Structures are given as structure tokens and as C-alpha cells.
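# Close look at the chain arrangement
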Amino acid sequence: MLLISKSKCLLKGKEPIMKLSYVYLKTSPFTCQSKPVVSAKEPFMIMAEPGKKYSWCSCGLSQKQPLCDGSHKKTEMRPYKITSKKECELWFCGCKQTRTPPFCDGSHLEKSVQKCSLGTSIP
Ligand code: FES
């Protein structure tokens, strides 16, 4: 298993509005220990405070959705960390199926997500 750490800035015009840091696995995310469970079938909106760090739960096991509570330690997944530079709305994915983590991309509207039970993985 190889952990890779990356970070990037989201830009609005030329001004960075937030920094994203994340660690991901080089191995397939679809092995059985690394498949997220659906924690909600809709996104969570958080009004981000400037300079505050947020850790988005990527495994779906956290009891503090959409944020991390450390439950990922029993999986191969890791949270995504975000620091916003401005006060703004952040729409965090709740279904954990987004292709643009940690943000909602509308994947929760797919039939596979809407049909599955909360707390289970998409087959
Ligand atoms: S809540 Fe996951 S893509 Fe919208």
C-alpha cells in the first residue's frame, strides 16, 4: 500500500479561495476494505469560516457527517482536508460516490445511490 499526499488550491479568478489537502491510496479504491458506505443521499452544506480546517469523511462511517471522526482508521481510506480562505458555502458529498471529492457533483441522484440502504456500499 502506498499513500500519496497532495494539495491544491481552488481559485476564483486569480485569488485562491481554499486549500485542499488529501491523501489517497495508490491501490484500487474498490477493494473490499476501501469501498465507502453511503451515509446520506444528499449533500451537506457547511458555511465555511476563513482559516478553519475541515476534514471530510470519505469512508462514510463517521458519526459526525460530513466530517471525519476517525472511523476511517478501520479502513484503507483517509479524510480530505480543506482550509477555506473566505467565508463561503461548501457542499460536501454525503453519498461518498462523488467524482469531485470532497464536494457534491450530483452523483447522489444516480439510481444506484437512491436505491441502496444507508450505511451500505454500492455493489
Ligand atoms: S451527495 Fe454525493 S454526489 Fe451529491
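Everything that follows concerns the structure shown earlier in this document.
Anyway, here's the lowdown on the structure attached to this text. (Residues numbered from 1 in each chain as written. Predicted model: local features only at pLDDT ≥ 70, side-chain atom pairs only at ≥ 80, totals over all residues.)

All right, on to the nonpolar core then. Residues Y54, W56, C57, C59, I82, F92 and C93 are the most contacted members of the largest nonpolar core, which totals 15 residues. Of all the secondary structure elements, the ones that give two or more residues to this core are strand 4 (53-56) and strand 5 (80-84). In this structure C59 touches P36, S71, H72, T75 and M77, once residues within four positions along its chain are discounted. (Core = buried A, V, L, I, M, F, W, Y, C linked by C-beta atoms within 7 Å. Buried ≥ 20, exposed ≤ 12 C-beta atoms within 10 Å, placed from the backbone. Helix = DSSP H or I, 4+ residues; strand = E, 2+ residues; numbered from the N terminus. Contact = placed C-beta atoms within 7 Å.)

Along the chain, Q65 connects to P66 via a cis peptide bond; the corresponding omega equals 5°. Along the chain, the position of P66 falls in the loop between strand 4 and strand 5. The backbone of K96 sits at a positive phi, close to 65°, despite the residue not being glycine. Along the polypeptide, K96 turns up in the loop between strand 6 (88-92) and helix 1 (111-115).

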